[in-house]
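# Geometric and topological summary
Okay, here's what each chain looks like letter by letter:
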Amino acid sequence: MFGARCVRLALRRCSSAPLPKHAPTAKLLRVQEALEVQNPTKNDVRVQGWVRSIRSQKEILFLHVSDGSSLENLQVVAGPGLEPRELTFGSSVEVQGKLIRSPHKRQNVELAAESIRLVGTCDVLDNGYLHVHTPIITANDCEGAGEVFQLEPATKDVEPGENPHFFNVPAFLTVSGQLHLEVMTGAFSKAFTFGPTFRADNSQSRRHLAEFYMVEAELAFVDSLQEIMQVIEDLFKKVTDAVLSKCPDDVGLFHKHVAPGLEGKLEQMLKNRFIIMSYTEAIETLKRAPCVFTYKPEWGEDLQREHEKYLVEHCGGIPVFVFNYPYDLKPFYMRDNEDGPHHTVAAVDLLVPGIGELCGGSLREERLDLLQSRLRRMGQEDTFQWYLELRQFGSTPHGGFGMGFERYLQCILGVENIKDAIPFPRFPHSCVL
């Protein structure tokens, strides 16, 4: 039936026979054209664009709509009954109505709407986050661990005395978009990115890839890890609820044939508040464990997968936030807690059943003197001069996190090997296709 319908459509498009006539539609105007109208008539017009602001009152709805043709927005006035249920800032709309004189001095006309058609929703911006495509090529090693892929042209033709680097500085494939997101939050308060990241970690484990995808978010005006943890928990639960409701057959297939019993465990994760414990509490819990670990838990050492697995099991299979890690374990950008006797930073990891670490986040060091002194000790002050300057011009307390997408799929679907959670896995000694 579908094929026959496509054939009929194709034939109709190629036919020389006249097409059925439709009723005349309202004239389509660009926002700039609408704003230039001096003597509005009673003729219907249409405007297409994006919602830049919404102000809903009891008996009237105000929208500002822009299509990029003008620096000014067109004000749309409508009855509250015309407001589509999913209309949000950033939604694309088509508004039909009549241009009328505006009572406001700053705008000659406004559009009295008779219908508002929602063309595209903007779910991402429900919580005010701007989607930013951060660079894949970067001069920064965000994590400072040296696990980066350096980028060079396949052929080098360098003249004597010419800088040997294509970009004049060493360039790498990104390990995180975080530093760039910090720049964007200085203008937009909340920003996120979702894209490929690369780690030159020579590991063949079931949890590591050389190329993987990450969801990363950054928030301005945040001064407690509790706020970061709440965003992470809300993200995990909201996305998982959406996957379960919109893709029940796909998820059911995995829960039946790949990971029987996971459905009940997932329900437990969704209905319970995530557990919160400090790194110090985690180490003490591990030391009291009745089992023998391959790596002995000690304060100041990183948590191994066996430790993460035990902590989650100890908490009844509920995801666990571990916060306030040792200062020397974490990257330079994490906020110094200036505490004692153990020196920690305001960092947090989310541990989930079967996987271990799923998310990692922190408050960022916004205090110029502390950040500068740490970079100076690392010999990186010149490299990150631009990053230091962010703290000199209207800086705010801020923080953020990243979540590995393939690990998330492992968690909710029960996929044991991360290489089965991505179409074209890249790992040491393997780059097929």
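Use the structure listed above.
Cut-off values and rules
- Residues numbered from 1 in each chain as written.
- Predicted model: local features only at pLDDT ≥ 70, side-chain atom pairs only at ≥ 80, totals over all residues.
- Heavy atoms only, no water.
- Buried < 20%, exposed > 50% of the residue type's maximum accessible area, 1.4 Å probe, protein only.
- Helix = DSSP H or I, 4+ residues; strand = E, 2+ residues; numbered from the N terminus.
- Pairing = 2+ DSSP bridges.
- Core = buried A, V, L, I, M, F, W, Y, C linked by side-chain atoms within 4.5 Å.
- Contact = heavy atoms within 4.5 Å.
- Salt bridge = Lys/Arg side-chain N within 4 Å of Asp/Glu carboxyl O.
- Polar contact = N/O pair within 3.5 Å; in protein donor to acceptor, adjacent residues only side chain to side chain.
- Axes fitted to C-alpha atoms, helices over the stretch in contact; angles between N-to-C directions.
- Disulfide = S-S within 2.5 Å.
- Parallel < 35°, antiparallel > 145°, perpendicular 65-115°, else oblique.
- Nonpolar A, V, L, I, M, F, W, Y, C, P; charged D, E, K, R; others polar.

## So, the pairing of strand 4 (residues 74-78)
- Most of strand 4 sits out of view: five of its five residues are buried.
- Judged by which residues are buried, strand 4 turns out to be covered on both faces: Leu-74, Val-76 and Ala-78 on one side and Gln-75 and Val-77 on the other are all buried.
- Judged from the five bridges that link them, strand 3 (residues 61-66) and strand 4 form a sheet pairing that is antiparallel. By the bridge assignment, Leu-63 is partnered in strand 4 with Val-76.

## Thoughts on the nonpolar core
- Residues Ile-228, Ile-232, Phe-236, Phe-321, Leu-350, Leu-358 and Tyr-408 are the most contacted members of the largest nonpolar core, which totals 34 residues.
- Elements represented by at least two residues in this core include exactly strand 12 (211-220), helix 4 (225-246), helix 6 (262-271), strand 15 (344-352), strand 16 (356-363), strand 17 (398-404) and helix 11 (405-413).
- With sequence-adjacent residues up to four places away left out, Tyr-408 is seen in contact with Phe-236, Val-239, Thr-240, Val-243, Leu-358 and Met-403.
- Counting 32 residues, the second-largest nonpolar core is a separate cluster that includes Leu-286, Tyr-333, Leu-371 and Phe-384.

## Brief notes about the pattern of salt bridges
- A full pass over the atoms with the stated rule returns 18 salt bridges.
- The partner of Lys-330 in a salt bridge is Asp-349, and the shortest N-O contact between them spans 3.6 Å. Taken together, the residues Lys-330 in the loop between strand 14 (320-326) and strand 15 and Asp-349 in strand 15 connect sequence positions 19 residues apart. Each member of the pair, Lys-330 together with Asp-349, is buried.
- Through salt bridges with shared partners, one network takes in Asp-44, Lys-98 and Glu-114.

## Description of the sheet that holds strand 8 (residues 137-138)
- The three strands are arranged 8-10-9 in an open sheet whose pairing can be described as antiparallel. Among the strands making up the open sheet, the edge pair consists of strand 8 and strand 9 (150-151).

## Quick notes on the side chain of Ser-69
- Tracing the chain through its elements places Ser-69 in the loop between strand 3 and strand 4.
- A polar atom in the side chain of Ser-69 sits 3.0 Å from the backbone nitrogen of Gln-32.

## Observations regarding the sheet that holds strand 15
- A sheet is described by the order of its strands in space; here eight strands give the open sequence 7-11-12-17-16-15-14-13, paired in mixed fashion. In the strand order of this sheet, the two ends are held by strand 7 (130-131) and strand 13 (275-278), each with one partner.
- Of the strands in this sheet, strand 11 (190-198), strand 12, strand 15, strand 16 and strand 17 touch helix 11, which is tilted by about 60° from strand 17.

## Section: the environment of Thr-197
- The topology assignment puts Thr-197 in strand 11.
- Overall, Thr-197 belongs to the buried group, its relative accessible area being 2%.
- Expressed as a C-alpha distance, the spacing of Thr-197 and Leu-118, which sit 79 residues apart in the sequence, is 34 Å.
- Not counting residues up to four positions away in its chain, the partners in contact with Thr-197 are Thr-174, Val-175, Ser-176, Ala-210, Glu-211, Phe-212, Met-214 and Glu-216.

## Section: the state of the cysteines
- Following the criterion strictly, the structure yields zero disulfides and no others.
- You can see Cys-247 has no disulfide; the closest cysteine sulfur is in Cys-411, sitting 16 Å from it.
- Under the relative-accessibility criterion, Cys-247 is labelled partly exposed at 32%.
- Summary of cysteine pairing: Cys-315 is not part of a disulfide, and the nearest cysteine sulfur, belonging to Cys-291, is at 14 Å.

## Considering the packing of helix 6 against helix 11
- Put simply, helix 6 and helix 11 touch, their axes get as near as 9 Å, and they point 115° apart. When the axes of helix 6 and helix 11 are compared, the pair comes out roughly perpendicular. Mapping the contact onto sequence places Leu-262, Leu-266 and Met-269 in helix 6 and Cys-411, Ile-412 and Leu-413 in helix 11.
- The residue inventory of the contact of helix 6 with helix 11, partitioned by class, reads six nonpolar, no polar and no charged.

## Examining the environment of Asn-163
- Take Asn-163: it is sitting in the loop between strand 9 and strand 10 (171-173).
- For Asn-163 and Phe-194, which are 31 residues apart along the polypeptide, the C-alpha to C-alpha distance reads 33 Å.
- Discounting residues that sit within four places of it in the chain, Asn-163 has contacts with Val-158 and Asn-168.
- At a separation of 2.9 Å, a polar atom in the side chain of Asn-163 contacts the main-chain amide nitrogen of His-165.
- At a separation of 3.2 Å, a polar atom in the side chain of Asn-163 contacts the main-chain carbonyl oxygen of Asn-168.

Function cannot be inferred from these measures alone, as they are strictly geometric.
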